[in-house]
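This is what each chain is made of:
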Amino acid sequence: EYNIIGTYTYDAYPSNPNGSDYGTAILSDHEGRHVVMMPHLERATFPWNWPLYPEGQNDEVSPWMEAFAAAKKWLNHLD
């Protein structure tokens, strides 16, 4: 049993690179504690890794780094 918590913009390539049903990108268990995702955040950490980056947006690292910061904060909380 799972919940689709994130989808690609549309079902066709290149938006849905793996051709997943329903454009599924992110799945979670019913409690939201276990999350799996297809987009590779580690490949989008810097603006120059993106094929298109919002014009005028000047970031040292991409907004996707927030996911890693949140994971680190959560892991440190377990100690």
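Keep in mind the model is a prediction, meaning the values are calculated, not measured. (Residues numbered from 1 in each chain as written. Predicted model: local features only at pLDDT ≥ 70, side-chain atom pairs only at ≥ 80, totals over all residues. Heavy atoms only, no water.)

1. Some words on the pattern of salt bridges
Counted under the stated rule, the structure contains 1 salt bridge. Taking the shortest distance from any N to any O, the salt bridge between E42 and R43 comes out at 4.0 Å. In this structure R43 comes out as exposed when scored by relative accessible area, which is 57%. (Salt bridge = Lys/Arg side-chain N within 4 Å of Asp/Glu carboxyl O. Buried < 20%, exposed > 50% of the residue type's maximum accessible area, 1.4 Å probe, protein only.)

2. Some details on the environment of P39
In this structure, P39 sits in the loop between β3 (35-37) and α1 (65-77). The spatial distance from the C-alpha of P39 to the C-alpha of Y22 is 15 Å, given a sequence separation of 17 residues. In contact with P39, other than residues within four places in its own chain, are Y8 and A25. (Helix = DSSP H or I, 4+ residues; strand = E, 2+ residues; numbered from the N terminus. Contact = heavy atoms within 4.5 Å.)

3. Things to note about the packing of aromatic side chains
Using the criterion set out here, one finds 2 aromatic pairs in the structure. Aromatic side chains F46 and W48 sit 4.7 Å apart centroid to centroid with 0° between the ring planes, which places their arrangement in the stacked category. By relative accessible area, which is 65% here, W48 ends up exposed. Arranged with centres 4.6 Å apart and planes meeting at 75°, the rings of W50 and Y53 form a pair that is edge-to-face. (Phe/Tyr/Trp six-rings, centres within 6.5 Å; stacked < 30°, edge-to-face > 60°.)

4. Digging into the side chain of S28
Along the chain, S28 falls in strand β2 (residues 24-28). Setting aside residues up to four positions removed in sequence, S28 forms contacts with Y2, N3, I5, H34 and V35.

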